[in-house]
Amino acid sequence: MATDVHRPVTPQAVHVERLTRSFDGRAVIDDLRLDVRPGEFVALLGRSGCGKSTLLRILAGLDRDIEGTVLVPRRKAVAFQAPRLMPWKKVWRNVLLGLPGKPERAVAEQALDEVGLGHRSDAWPKTLSGGEAQRASLARALVREPDLLLLDEPFGALDALTRIKAQRLVGELWQRRGCAVLLVTHDVEEAVLLADRVLVMDGGVIAHEQRVGLERPRDITDPRFAALRAGLLERLGVEATAAEAA
Ligand SMILES: Nc1ncnc2c1ncn2[C@@H]1O[C@H](COP(=O)(O)OP(=O)(O)O)[C@@H](O)[C@H]1O
Ligand SMILES: [Mg+2]
């Protein structure tokens, strides 16, 4: 097969090489490499304290005290487990917070509509439920029209039912927007449900990766789903129960 040397290399949404981040002389991230394709949905698993949030903050540009190469799109947005809404600003103003220029209220309302929260635009943050606050936080990410959406355990504090709805919403937003997503989660099922590829972080690097080739929407009762979940649990050092492995 002929190769065309003039063909531009497909730019990655994320390109990380030889990344090291130390705290007090201890390398939490240690010579890590990572590539994420444009439009790819990647989930990042790993035991607590292994450096997932540290990596996400670096990709978000919130931590620049690093060694190595980190290439990310200019348009990126991040949402954390805590929605971090300013209590003295109405929901729509929170959505626009930190945007350059003087964006119109309509910009916020469109994003709020997209997450099913258009009717709460004028509300005060303290009157929102946990699920609503998390959706407001997602709207705040969406108004940035990100090419890369970084999510750090965004559903971690939600009750089971709200969590399922929020997961579905993120899946829909991703399909509609076509942005790359990097989702940090501790929930293996959530990772297999949403991602094209699941990464396991350990020892300061991406120690394992698993492609999820299942068609969407995914069926958690599919034996292939259970097999992927069991394999990842094993990688995480968690023994799958007999019921899960079946
Ligand atoms: N600003 C900081 N100063 C010192 N240590 C930190 C700082 N941020 C993170 N760490 C340490 O780095 C390690 C990884 O933290 P973190 O990335 O939050 O883990 P994870 O999100 O995977 O649970 C932990 O040991 C944590 O204590
Ligand atoms: Mg974390």
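Residues numbered from 1 in each chain as written. Chains lettered and ligands numbered in written order. Predicted model: local features only at pLDDT ≥ 70, side-chain atom pairs only at ≥ 80, totals over all residues. Heavy atoms only, no water.

Examining the overall build of the protein
Part 1 of the reasoning: Across its full length, the protein carries eight helices and nine strands.
Part 2 of the reasoning: Its C-alpha radius of gyration of 19 Å places the protein within 12% of the 18 Å reference for a compact globule of 246 residues.
Part 3 of the reasoning: Dimensions along the principal axes, computed over C-alpha positions, put the protein at roughly 50 × 50 × 50 Å.
Part 4 of the reasoning: The proportion of buried residues among the 246 residues of the protein is 46%.
Part 5 of the reasoning: In the protein, of all internal contacts separated by at least 6 residues, the share reaching a separation of at least 24 is 67%.
Part 6 of the reasoning: Looking at the protein as shown, the accessible area adds up to about 13200 Å², and 50% of this sits on carbon and sulfur atoms.
Part 7 of the reasoning: Across the protein, 36 positive and 34 negative side-chain charges occur, with their mean positions spaced 6 Å apart. (Helix = DSSP H or I, 4+ residues; strand = E, 2+ residues; numbered from the N terminus. Rg over C-alpha atoms; globule rule 2.2 N^0.38 Å. Buried < 20%, exposed > 50% of the residue type's maximum accessible area, 1.4 Å probe, protein only. Contact = heavy atoms within 4.5 Å. Areas by Shrake-Rupley, 256 points an atom, 1.4 Å probe, with all protein chains shown as cover. Lys, Arg positive; Asp, Glu negative; His and termini not counted. Charge placed at Lys NZ, Arg CZ, Asp CG, Glu CD.)

Observations regarding the side chain of Glu 114
Part 1 of the reasoning: If you trace the backbone, Glu 114 turns up in helix H3 (residues 105-114).
Part 2 of the reasoning: Among the residues examined, Glu 114 registers a relative accessible area of 17% and is labelled buried.
Part 3 of the reasoning: Contacts of Glu 114, omitting those with residues within four sequence positions, involve Leu 142, Leu 169, Leu 173, Arg 176 and Arg 177.

A short note on helix H5 (residues 160-177)
Part 1 of the reasoning: Helix length check: H5, at 18 residues, gives a terminal C-alpha distance of 26 Å against a target of 26 Å (1.5 Å per residue), a fit within 8%.
Part 2 of the reasoning: Of the surrounding secondary structure, the elements contacted by the buried residues of H5 are strand E3 (41-45), H3, helix H4 (130-142), strand E6 (148-152), strand E7 (180-184) and helix H6 (188-194).
Part 3 of the reasoning: Just beyond H5, the residue with positive phi is Gly 178, at close to 70°. (Expected span 1.5 Å × (residues − 1).)

Some details on the site of ligand 1
Part 1 of the reasoning: All residues in the neighbourhood of ligand 1 are listed as Phe 23, Arg 26, Val 28, Arg 47, Ser 48, Gly 49, Cys 50, Gly 51, Lys 52, Ser 53 and Thr 54.
Part 2 of the reasoning: A distance of 3.3 Å is found between an oxygen atom of ligand 1 and a backbone nitrogen or oxygen belonging to Cys 50.
Part 3 of the reasoning: Within the side chain of Thr 54, a nitrogen or oxygen atom sits 2.6 Å from an oxygen atom of ligand 1.
Part 4 of the reasoning: In the complex, 58% of the free accessible area of ligand 1, which totals 560 Å², lies under the protein chains.
Part 5 of the reasoning: Those elements that provide at least two residues to the shell around ligand 1 are strand E2 (26-36) and helix H1 (52-59).
Part 6 of the reasoning: If one sorts the elements of the shell around ligand 1 by residue count, H1 sits on top with three residues.
Part 7 of the reasoning: The residue makeup of the shell around ligand 1, split by class, is three nonpolar, five polar and three charged. (Near = heavy atom within 4 Å. Polar contact = N/O pair within 3.5 Å; in protein donor to acceptor, adjacent residues only side chain to side chain. Nonpolar A, V, L, I, M, F, W, Y, C, P; charged D, E, K, R; others polar.)

Describing the UniProt feature "domain: ABC transporter" (unreviewed entry) in the protein
Part 1 of the reasoning: Under the UniProt annotation, "domain: ABC transporter" (unreviewed entry) lies at residues 14-228.
Part 2 of the reasoning: Taken end to end, residues 14-228 has its terminal C-alpha atoms 25 Å apart, with 32% of it in helix and 27% in strand. (UniProt positions renumbered as here; feature names shortened; annotations may be inferred.)

Some thoughts on helix H7 (residues 223-235)
Part 1 of the reasoning: With 13 residues, H7 extends 18 Å from end C-alpha to end C-alpha; this agrees with the ideal 18 Å at 1.5 Å per step.
Part 2 of the reasoning: Looking at H7, one finds that the buried residues are Phe 225, Ala 226, Leu 228, Arg 229, Ala 230, Leu 232 and Leu 233.
Part 3 of the reasoning: Once H7 finishes, Gly 237 follows within two positions and takes phi at roughly 80°, a positive value.

A word on the sheet that holds E2
Part 1 of the reasoning: Read across the sheet, three strands follow the order E2-E1-E4 without closing on themselves; strand pairing throughout is antiparallel. Every other strand in the sheet has two partners, leaving E2 and strand E4 (67-71) as the edge strands with one partner each. Taking the axes of each pair of neighbouring strands and ignoring which way they run, one obtains an average angle of 25° across the sheet. (Pairing = 2+ DSSP bridges. Axes fitted to C-alpha atoms, helices over the stretch in contact; angles between N-to-C directions.)

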